[in-house]
Structures are given as structure tokens and as C-alpha cells.
Amino acid sequence: NRQQNTHLNKAKLGGIPWTVDNLPFATKPTMIMGVNTLLKGKEKRSITMVASMNANFSKYWSTCKHIGAEDEVKVFSSCIKDAIAEFKASNKTFPV
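Counting starts from 1 at the beginning of each chain's written sequence and moves along it residue by residue. Where totals are concerned, whole chains, interfaces and linings use all residues; where local detail is concerned, this predicted model gives features only for residues with pLDDT of at least 70, and gives and counts side-chain atom pairs only at 80 or more. Here the side-chain values reflect all heavy atoms present in the structure, with hydrogen atoms and water set aside.

A. A look at the nonpolar core. The biggest cluster of nonpolar side chains holds 11 residues, and these are Met31, Ile47, Met49, Ala51, Met53, Trp61, Ile67, Val75, Cys79, Ala83 and Phe87. Put simply, DSSP H or I for four residues or longer makes a helix, DSSP E for two residues or longer makes a strand, and each gets a number counted from the N terminus. Sorting elements by how many residues they give to this core places helix 2 (residues 72-91) first, with four residues. The contact partners of Ala83, leaving out residues within four places of it in the chain, are Met31, Met33, Met49, Ala51, Met53 and Trp61. Here, nonpolar core refers to any group of buried Ala, Val, Leu, Ile, Met, Phe, Trp, Tyr and Cys residues whose side-chain atoms link them within 4.5 Å. Three exposure classes are used, based on accessible area relative to the maximum for each residue type with a 1.4 Å probe and protein chains only: buried under 20%, partly exposed in between, and exposed over 50%. By definition, residues are in contact when any of their heavy atoms lie within 4.5 Å.

B. Quick peek at the confidence of the model for the protein. The pLDDT averaged across the protein works out to 85; a share of 94% of its residues lies at or above 70. By mean pLDDT, helix 1 (residues 2-12) is the weakest element of the protein at 75, and helix 2 is the strongest at 94. Note: pLDDT gives the predictor's confidence per residue, expressed from 0 to 100.

C. Region of interest: the pattern of salt bridges. For this analysis, a salt bridge means a side-chain nitrogen from Lys or Arg found within 4 Å of a carboxyl oxygen belonging to Asp or Glu. Inspection of the entire model under this criterion finds one salt bridge. Across the pair Asp82 and Lys65 runs a salt bridge whose closest N-O atoms are separated by 2.6 Å. Of the two residues, Asp82 sits in helix 2 while Lys65 sits in strand 3 (residues 60-66), which places them 17 residues apart along the sequence.

D. Inspection of the side chain of Ser46 at higher detail. The residue Ser46 is located in strand 2 (residues 43-52) in this model. Taking the relative accessible area as the measure of exposure, Ser46 reaches 9% and is therefore buried. The contacts of Ser46, once residues within four sequence positions are left out, are Asn36, Thr37, Leu38, Cys64, Lys65, His66 and Ile67.

E. Layout of the environment of Val96. Checked against the element boundaries, Val96 lands in the segment after helix 2. Judged by relative accessible area, which is 72%, Val96 ranks as exposed. Between the C-alpha atoms of Val96 and Met49, which are 47 residues apart in sequence, the distance is 18 Å.

F. Expanded view of the packing of aromatic side chains. Between the rings of Phe, Tyr and Trp (Trp by its six-membered ring), a pair exists once the centres lie within 6.5 Å; its type follows the angle of the planes, with under 30 degrees stacked, over 60 edge-to-face, and the other angles tilted. If you walk through the whole model with that rule in mind, you get one aromatic pair. With centroids separated by 6.1 Å and ring planes inclined at 45 degrees, the aromatic side chains of Phe25 and Phe57 adopt a geometry described as tilted. Of this pair, Phe25 sits in the loop between helix 1 and strand 1 (33-40) while Phe57 sits in the loop between strand 2 and strand 3; the two residues are 32 residues apart in sequence, bridging distant segments of the chain. Judged by its relative accessible area of 49%, Phe25 is partly exposed. Its end group placed over the ring of Phe94, Lys88 keeps NZ or CZ at 5.4 Å from the ring centre. Whether a charge sits over a ring depends on NZ of Lys or CZ of Arg being within 6 Å of the ring centre and within 35 degrees of the ring normal.

Spelled out as C-alpha cells, the structure:
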């Protein structure tokens with residue numbers, strides 16, 4: 001229908017088709033993060049992360065890092081550090 005096409009086109013052009021407002025935990029600068037580890041056999045190969053960058057949780061930052069011989073905790077910590085730095089650059093404050 002027409003409304004679905006409008007939302008789809010808006011998203012494709014970089015707009016925000018919808019927002020999330022009035023969440024009880026979002027009264028302060030808040031970041032929601034999602035993490036996935038890609039497994040191949042018993043070896044862990046990469047970590048992907050996405051993190052919200054604005055108050056309406058409608059803009060996101062993402063990364064994918066290869067684990068290789070590095071410690072998984074170091075790679076995961078690096079992802080978190082990068083997400084927080086991007087949040088700070090976008091919002092002029094750290095998430096709480």
C-alpha cells in the first residue's frame with residue numbers, strides 16, 4: 001500500500017521511517033548493543049556488533065572484526081570501545 005511504500009522509500013533515502021519514544025530507561029543518553037559471534041566448527045572467527053546512536057534508537061553504528069589468533073575478549077572489548085567512542089562523537093556525551 002501507499003504508506004508502506006512511503007516508509008520504504010524514506011528508509012532507502014537515509015530517512016528515519018519510525019522512532020521509539022518514551023522508553024522508561026531512555027531518560028538519559030542510552031545505547032543498546034547487539035552482538036553476534038560467527039562460529040565455524042569449534043573455532044570462533046568473527047564478532048559483529050551493532051549499537052544505537054541516538055535517543056530514538058533509530059540510527060545505528062556497526063562493525064565486524066576478525067578474531068584470528070587474538071583473544072576473543074580483546075576483540076569484543078575493542079568493539080565496545082569503538083561503539084562508545086562513536087556514541088560520544090555523535091552525541092557529545094557518553095552513554096550511561
